[in-house]
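Here is what each chain is made of, one letter per residue.
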Amino acid sequence: MPRSPRYPQMFPFVVLAFASAATAMPTEPPARADAAPVPVPVHVLCARVQPGMNYRDAVALIGREPDETLSGHTAAGPAGEPPGSYAIDFWYDTGVDGRRLVSSLHYRGGTIESVDCGRPTDGPASPASPASPGT
């Protein structure tokens, strides 16, 4: 009696190999080479900034210069604190709900003192607002 071909014996292994390959395939289509990267919102990048960081490092982390800066000077304090100067930089962004968001860094002498990221302002962003990066 002739022997049966070996293919039926290999069938379970072939099925397992194809099943393994199918589960390893990505579920999303590959990104096109000409597709522009999606910009990360400023308030997400701002959340990585910590008090005590160097100001230049913080701005580099955010990835763009501030939209607005407020600076001022302090007088000598009653407990003998020396006078000094400070600044607060603001970045504007638009949230997914269309509301205008503001992120700010308060710094003195090149050192970040406080960080406030993604605080909603009163109303929706206007079309002419500097909410999008690069404007």
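Residues numbered from 1 in each chain as written. Predicted model: local features only at pLDDT ≥ 70, side-chain atom pairs only at ≥ 80, totals over all residues. Heavy atoms only, no water.

Enquirer: What exactly am I supposed to notice about the nonpolar core here?
Expert: Nonpolar side chains tend toward joint burial in soluble globular proteins. In terms of nonpolar packing, the biggest core is built from eleven residues, these being Val42, Val49, Tyr55, Ala58, Val59, Ile62, Ala87, Trp91, Leu105, Tyr107 and Ile112. Elements with a contribution of two residues or more to this core: helix 3 (55-62), strand 2 (84-94) and strand 3 (99-108). By residue number, the principal contributor to this core is helix 3, which donates four residues. Aside from chain neighbours lying at most four places away, what touches Tyr55 is Pro66, Asp89, Tyr107, Gly110 and Ile112. (Core = buried A, V, L, I, M, F, W, Y, C linked by side-chain atoms within 4.5 Å. Buried < 20%, exposed > 50% of the residue type's maximum accessible area, 1.4 Å probe, protein only. Helix = DSSP H or I, 4+ residues; strand = E, 2+ residues; numbered from the N terminus. Contact = heavy atoms within 4.5 Å.)

Enquirer: Whenever I open this one, the environment of His43 confuses me. Can you help?
Expert: As for its placement among the helices and strands, His43 is situated in helix 2 (residues 42-46). Each C-alpha atom of the pair His43 and Gly118 lies 4.7 Å from the other, and the pair is 75 residues apart in sequence. Aside from chain neighbours lying at most four places away, what touches His43 is Asp93, Leu101, Ser103, Cys117 and Gly118.

Enquirer: Mind showing me how you'd approach helix 3 here?
Expert: Because the α-helix completes a turn every 3.6 residues, residues three or four places apart line up on one side. Those residues of helix 3 lying buried are Tyr55, Ala58, Val59 and Ile62. Seen along its axis, helix 3 keeps its buried residues to an arc of 95°; they face one direction. Those residues of helix 3 that are exposed and angled more than 90 degrees off the buried face are Arg56 and Ala60. One side-chain oxygen at the N-terminal end of helix 3 lies 2.7 Å from the backbone nitrogen of Arg56; it belongs to Asn54. Of the residues flanking the end of helix 3, it is Gly63, one or two places downstream, whose phi is positive at about 95°. (Arc of directions from axis to C-beta. Polar contact = N/O pair within 3.5 Å; in protein donor to acceptor, adjacent residues only side chain to side chain.)

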